[in-house]
Amino acid sequence: MSRFVDRVTIHVAAGNGGHGCSSVHREKFKPLGGPDGGNGGNGGSVRLVVDPQVHTLLDFHFRPHAKGSNGKPGMGDNRDGATGDDLVLKVPDGTVVLDSNGTILADLIGEGTTFEAAQGGRGGLGNAALASKARKAPGFALLGEEGQHRDLVLELKSVADVGLVGFPSAGKSSLVSVLSAAKPKIADYPFTTLAPNLGVVQVAGDVFTVADVPGLIPGASTGRGLGLEFLRHLERCAVLAHVVDCATLEPGRDPVSDIDALEAELAAYRPALDADHGLGDLATRPRVIILNKIDIPDAADLADLVEPELAKRGWPIFRISAVSHDGLRELTFALARLVAEYRASQPTPKPRRQIIRPKAVDEAEFSVVADPDVDGGFIVRGTRPERWIAQTQFDNDEAVGYLADRLNRLGVEDELVRLGAQPGAPVTIGDMTFDWEPTTPMGDEVPITGRGTDIRLDRNERVGAAERKQARRLRRGLPDGDEDVERDTP
């Protein structure tokens, strides 16, 4: 049995970036040939792409988890890791992507439209890329970034030109079957149609699509019956057609009251409309009234009785029979004309362009705020500091020293001093909390130590500023003296 699914929650995870490699080139007669660790490959992203061959979200209902492949780690001899493959998920035309809070992220209309659901993590740099004048042979590499994880909601809104609206068993499915080549299930009991049926109609060289929305009843806009599940499929329709059952035997029902009840539900429904596609409120859409089943004598008499009353609304009225095909030709040509007129009256859809806004030169790349949960603590927020934390090997002192240099150059230490941070104050960046030690020298002032070590991070060997100056004087062969003697010495 086929199933129609038009709303699902998916869990997407992009691939992680590969770690950089820490390696030193070695060969005969050249034991230390310099750093040659390669970079890690980027992780694969997860992308949603509109495919005209896909008509439902059923695949995501059974397989809601999707993950991109990880990037490969770098290797020695300057060999970079392979990039992870992107995962492409095919979705139907008219799919709307929302986040877990209900905010619309993308409206996918048109074949080939793409949305990046989760971005792959960037690969870490190898020690060859980290080499500099001050750090000629780094004993560390950067870790690859973790891929993005997101929970997304996919909603399918049928892209149809004409939407058929009516009570259960009004003959909507039968009308779709005779207007197009679609073969929906047809039976004489209410709610036979449990999913929208889409048909393509060709007339006089024009082509338009018609959608049969499952039967609506009073209270549909508040969740009663099937209305709340399928009212969204009317949002993109250019013309709404009321299909009225003129042969109903239910007490208290007639064509006028049926239309009034359905109009009340359409007015109560408040969709999230997209102005870029030229679609206004449902109340502004052209309407037609289709009096169905006039091949039955009693139905034809009822149509004669209510037609003057319905004509007061100013909407075109068509008397048809899906069984005998009476009135179908006039209805088909009228629908094609209304669709063409409505589309021509709407503004041209705005092209979707990617807008790049460069940051201002003086725009801060991070912020430092007081930690409300820790007395005397601070929290550093910013894309770059948090990314650097994720890339650092905290079991390697040299890598931690490199992180301290990067944060210092960014101005984090100066901002902490300005805010009155005291030595030993807990500072949190991302998911890492450490005790802040100010005035850590950078670059060529760092004493040369073994690979993978940094004297600044060894508490047993940490020296004050005066002791570091004295150590530098002794290495240069200068006598003890004040700072002026050192400054005047060539």
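Residues numbered from 1 in each chain as written. Predicted model: local features only at pLDDT ≥ 70, side-chain atom pairs only at ≥ 80, totals over all residues. Heavy atoms only, no water.

A.B. asks: Tell me about the sheet that holds strand β7 (residues 114-118), and please be specific about residues and values.
C.D. replies: A sheet is described by the order of its strands in space; here three strands give the open sequence β4-β2-β7, paired in mixed fashion. The open sheet is flanked by β4 (87-91) and β7, the only strands paired with a single partner. Taking each pair of neighbouring strands and ignoring which way they run, the sheet shows an average axis angle of 30 degrees. Where strand β2 (residues 46-50) lies against β4, five bridges are found, and the strand directions are parallel. (Pairing = 2+ DSSP bridges. Helix = DSSP H or I, 4+ residues; strand = E, 2+ residues; numbered from the N terminus. Axes fitted to C-alpha atoms, helices over the stretch in contact; angles between N-to-C directions.)

A.B. asks: Account for the sheet that holds strand β18 (residues 432-435), with residues named and values stated.
C.D. replies: Here we have four strands laid out as an open sheet, ordered β15-β16-β17-β18, and mixed in their pairing. Of all the strands in the sheet, the pair left with one neighbour each is β15 (367-370) and β18. Put simply, the sheet's adjacent strands are angled 25 degrees from each other on average, direction ignored.

A.B. asks: Please provide a residue-by-residue account of the pairing of strand β10 (residues 197-203), values included.
C.D. replies: Residue alternation in β10 divides its side chains into a buried set, Asn197, Gly199, Val201 and Val203, and an unburied set, Leu198, Val200 and Gln202. Direction of pairing for β10 relative to strand β11 (residues 206-212): antiparallel, over a ladder of seven bridges. Directly across from Gln202, in β11, lies its bridge partner Val207. Taken together, β10 and the strand that follows it, β11, pair antiparallel across an intervening segment of two residues, in which Ala204 is found at a positive phi of about 50 degrees. (Buried < 20%, exposed > 50% of the residue type's maximum accessible area, 1.4 Å probe, protein only.)

A.B. asks: Can you explain the packing of aromatic side chains? Please cite residues and give values.
C.D. replies: Taken as a whole, this structure holds one aromatic pair when the rule is applied. With centroids separated by 5.2 Å and ring planes inclined at 45 degrees, the aromatic side chains of Phe140 and Tyr402 adopt a geometry described as tilted. Remark: Tyr402 occurs in helix α9 (residues 397-410) and Phe140 occurs in the loop between α2 (127-130) and β8 (149-156); sequence separation between them is 262 residues. As far as burial versus exposure is concerned, Phe140 and Tyr402 are alike and both buried. (Phe/Tyr/Trp six-rings, centres within 6.5 Å; stacked < 30°, edge-to-face > 60°.)

A.B. asks: So what's going on with the pattern of salt bridges? Which residues, and what values?
C.D. replies: Taken as a whole and assessed by the stated rule, the structure comprises 15 salt bridges. Of the charged contacts in the structure, one is a salt bridge between Arg319 and Glu307, with a shortest N-O distance of 3.3 Å. Taken as a pair, Arg319 in strand β14 (residues 317-319) and Glu307 in helix α6 (residues 297-311) lie far apart in primary sequence, 12 residues in all. According to the relative accessible area criterion, Glu307 is partly exposed, its value standing at 26%. Its salt-bridge partner being Arg337, residue Glu341 comes within 3.5 Å of it at the nearest N-O pair. Residue Glu341 and its partner Arg337 are located together in helix α7 (residues 328-345), separated by four residues, close to a single helical turn. Relative accessible area serves as the criterion here: at 44%, Glu341 is assigned to the partly exposed category. Three or more residues are tied together by salt bridges with common partners; here these are Arg122, Glu145 and Arg387. (Salt bridge = Lys/Arg side-chain N within 4 Å of Asp/Glu carboxyl O.)

A.B. asks: Tell me about α7, and please be specific about residues and values.
C.D. replies: Between the first and last C-alpha of α7 there are 26 Å, a value that for 18 residues agrees with the 26 Å anticipated at 1.5 Å per step. Every buried residue of α7 is accounted for by Leu328, Leu331, Thr332, Ala334, Leu335, Ala336, Leu338, Val339 and Tyr342. (Expected span 1.5 Å × (residues − 1).)

A.B. asks: Which residues make up empty space enclosed by the protein, and what values do they have?
C.D. replies: Counting across every chain of the model gives one cavity of 30 Å³ or more. Within this model, the largest cavity holds a volume of roughly 40 Å³. Lining the largest cavity are Val165, Gly166, Phe167, Ala170, His242, Val243, Val244, Asp245, Arg253, Asp258, Ile259 and Leu262. For the lining of the largest cavity, the elements supplying multiple residues, two or more each, are β12 (239-245) and α5 (255-268). Top contributing element to the lining of the largest cavity by residue count: β12, with four residues. (1 Å grid on protein atoms, 1.4 Å probe; cavity = no way out; pocket = protein on both sides within 12 Å on 5 of 7 lines; lining within 4 Å. Points joined across faces, edges and corners; volume = space filled by probe spheres on them.)

A.B. asks: Could you give an account of the packing of α5 against α6, naming the residues involved and the relevant values?
C.D. replies: For the pair α5 and α6, the least separation of the axes is 9 Å and the interaxial angle reads 50 degrees. Taken together, α5 and α6 sit at an angle that is classed as oblique. Contacts between α5 and α6 involve Pro255, Val256 and Ile259 on the former and, on the latter, Leu302, Val306, Glu309 and Leu310. Taken together, the residues of the contact of α5 with α6 sort by class into six nonpolar, no polar and one charged. (Parallel < 35°, antiparallel > 145°, perpendicular 65-115°, else oblique. Contact = heavy atoms within 4.5 Å. Nonpolar A, V, L, I, M, F, W, Y, C, P; charged D, E, K, R; others polar.)

A.B. asks: If you had to explain the environment of Gly44 to someone new, which residues and values would you point to?
C.D. replies: For Gly44, the location among the structural elements is in the loop between β1 (7-13) and β2. A sequence separation of 25 residues divides Gly44 from Ser69, and the C-alpha atoms of the two residues are 5.2 Å apart. Once residues lying within four places of it in the same chain are set aside, the contact partners of Gly44 are Ala14, Gly15, Gly68, Ser69, Gly84, Asp85, Asp86 and Gly120.

A.B. asks: How would you explain the side chain of Asn127 if you had to name every residue and give the values?
C.D. replies: Within the secondary structure, Asn127 sits in helix α2. Using a relative accessible area of 0% as the deciding quantity, one classes Asn127 as buried. Among the polar contacts listed, one links the side chain of Asn127 to the backbone nitrogen of Gly37, at a separation of 2.9 Å. (Polar contact = N/O pair within 3.5 Å; in protein donor to acceptor, adjacent residues only side chain to side chain.)

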